[in-house]
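What follows is the residue order along each chain.
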Amino acid sequence: MEEKETFASRLASKRKAKGFTQEQLAEKMGVSPQAVSKWETGASYPDVTLLSDLATVLDTSIDELLGKKE
C-alpha cells in the first residue's frame, strides 16, 4: 500500500529545499520555532490565515502545500 504524503512531510520538504532551518522559517512567519516543529511533526497545523504567507515564503502554492492535485 502506498503511504500518503502528509502536510507535515510536504512542509518539511519545501522548507529544506529552500535551505531554511525551522528557526529561520519561524522568524519569517512570525511564529515560534516550536510552532514550526509541531507543523512538521503533524502535532498541529498552521492557522489558515498563515497559509498564503507560508506558500509565498516557500515559493510554492497553497494547493501544493495542501497536496491538492490538478
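In case you missed it, the structure is sitting above this.
Student: Describe the pattern of salt bridges, naming the residues involved and giving the relevant values.
Tutor: Should the charged atoms of two oppositely charged side chains come close, the side chains can pair. One pass over the structure, following the stated rule, counts 2 salt bridges. Where Lys-14 meets Glu-64, a salt bridge forms, and the shortest distance between an N and an O atom there is 2.3 Å. You can see Lys-14 sitting in helix α1 (residues 7–18) and its partner Glu-64 sitting in helix α5 (residues 62–66), a full 50 residues away along the chain. Among the residues examined, Glu-64 registers a relative accessible area of 39% and is labelled partly exposed. For Glu-40, the salt bridge is made with Arg-15, and the minimal N-O distance between the two is 2.5 Å. Residue Glu-40 is located in helix α3 (residues 33–41), and its partner Arg-15 is located in helix α1; the two are separated by 25 residues in the primary sequence. Comparing Glu-40 with Arg-15, the two get one shared label, buried.

Student: I'd love a proper account of the nonpolar core, names of residues and values included.
Tutor: Soluble globular proteins tend to bury their nonpolar side chains together. Counting residues in hydrophobic clusters, the biggest one holds 14 residues, and the most contacted among them are Leu-11, Leu-25, Trp-39, Leu-54, Leu-58 and Leu-65. Of all the secondary structure elements, the ones that give two or more residues to this core are α1, α2 (22–29), α3 and α4 (51–57). What Leu-25 contacts, discounting residues up to four positions off in sequence, is Leu-11, Arg-15, Phe-20, Val-36, Leu-54, Val-57 and Leu-58.

Student: Outline the packing of α1 against α3, supporting the account with residue identities and numerical values.
Tutor: Relative to each other, α1 and α3 sit at 125°, their axes nearing to 6 Å. Classed by the angle they form, the pair α1 and α3 counts as oblique. Side by side, α1 and α3 meet where Phe-7, Ala-8, Leu-11, Ala-12 and Arg-15 of the first sit next to Trp-39, Glu-40 and Thr-41 of the second. Across the contact of α1 with α3, the residue classes tally to 5 nonpolar, 1 polar and 2 charged.

Student: Let's hear about α2: which residues, and what values?
Tutor: Since one α-helical turn is 3.6 residues long, residues separated by three or four positions face the same way. Taken as a whole, α2 has its buried residues at Leu-25, Ala-26 and Met-29. Along the axis of α2, the buried residues cluster in a sector spanning 100°; they form a single face. Lining the buried residues of α2 we find α1, α3 and α4. Gly-30 occupies a position one or two residues after α2 and carries a positive phi of about 75°.

Cut-offs applied
Residues numbered from 1 in each chain as written. Predicted model: local features only at pLDDT ≥ 70, side-chain atom pairs only at ≥ 80, totals over all residues. Heavy atoms only, no water. Salt bridge = Lys/Arg side-chain N within 4 Å of Asp/Glu carboxyl O. Helix = DSSP H or I, 4+ residues; strand = E, 2+ residues; numbered from the N terminus. Buried < 20%, exposed > 50% of the residue type's maximum accessible area, 1.4 Å probe, protein only. Core = buried A, V, L, I, M, F, W, Y, C linked by side-chain atoms within 4.5 Å. Contact = heavy atoms within 4.5 Å. Axes fitted to C-alpha atoms, helices over the stretch in contact; angles between N-to-C directions. Parallel < 35°, antiparallel > 145°, perpendicular 65-115°, else oblique. Nonpolar A, V, L, I, M, F, W, Y, C, P; charged D, E, K, R; others polar. Arc of directions from axis to C-beta.

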